Amino acid sequence: MRILMINGPNLNLLGERETAIYGHKTLKDIEREVIDYAKPLGIDVIPYQSNLEGIIIDLLHYAHHENMDGVILNAAAYTHYSYAIYDAIKAITPPVVEVHLSDPSTREEAFRHTSVIKEACVETFQGNHIDSYLAAVDFLEKHNV
Ligand code: DQA
């Protein structure tokens, strides 16, 4: 099984960005832990990060054209307003799982309380830091059997 893992804007700064909310792990730490968790399950996780909406859309299309078995997507702030990413998720065949390190629905800023991509995704895991990503791996594994 092959899963594309896409992390969106500002997640390249994990480990130094708002650590009280996002924790001390770097993106490299998270990518390594998810890859290592998935490997014994027979799953190859291919990680990408981009700060650009169009590149995230191109990556979703890439997962589709490569016949990947699923996508783990932390669209970061795009979660809350990108209908273009919503449309891309709807357009592709691989199931997309939405993940977040924090729980945006309980955070102070009202704009975080809405995910415009949620309805296009097969599942959402949020608020559990790295465990949100690991839960997404488990979900996609079960989804594919
Ligand atoms: C985030 C939550 C978003 O609201 C925020 O814009 C992010 C990170 C998370 O993983 O908790 O950049 O997606």
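Structure first, text after, so check above.
Calculation criteria
Residues numbered from 1 in each chain as written. Predicted model: local features only at pLDDT ≥ 70, side-chain atom pairs only at ≥ 80, totals over all residues. Heavy atoms only, no water. Axes fitted to C-alpha atoms, helices over the stretch in contact; angles between N-to-C directions. Helix = DSSP H or I, 4+ residues; strand = E, 2+ residues; numbered from the N terminus. Parallel < 35°, antiparallel > 145°, perpendicular 65-115°, else oblique. Contact = heavy atoms within 4.5 Å. Nonpolar A, V, L, I, M, F, W, Y, C, P; charged D, E, K, R; others polar. Salt bridge = Lys/Arg side-chain N within 4 Å of Asp/Glu carboxyl O. Buried < 20%, exposed > 50% of the residue type's maximum accessible area, 1.4 Å probe, protein only.

A.B. asks: Just give me the short version of the packing of helix α3 (residues 53-65) against helix α4 (residues 83-91), but keep the residues and values in it.
C.D. replies: Relative to each other, α3 and α4 sit at 5 degrees, their axes nearing to 9 Å. Considering the angle they form, α3 stands roughly parallel to α4. Together, Glu-53, Ile-56, Ile-57, Leu-60, His-61 and His-64 of α3 and Ala-84, Ile-85, Ala-88, Ile-89 and Ala-91 of α4 make up the contact between the two elements. When its residues are assigned to classes, the contact of α3 with α4 shows eight nonpolar, two polar and one charged.

A.B. asks: Can you break down the pattern of salt bridges residue by residue, with the values?
C.D. replies: According to the stated counting rule, one finds seven salt bridges in the structure shown. For Lys-28, the salt bridge identified is with Glu-31, shortest N-O distance 2.8 Å. You can see Lys-28 and its partner Glu-31 sitting in helix α2 (residues 27-38), three residues apart, about one turn around the helix. For Lys-28, a relative accessible area of 61% translates into the label exposed. Note on Glu-31: relative accessible area 8%, which makes it buried. Notably, a salt bridge pairs Glu-109 with Arg-112, separated by 3.0 Å at the nearest N-O pair. Since its relative accessible area comes to 32%, Glu-109 is described here as partly exposed.

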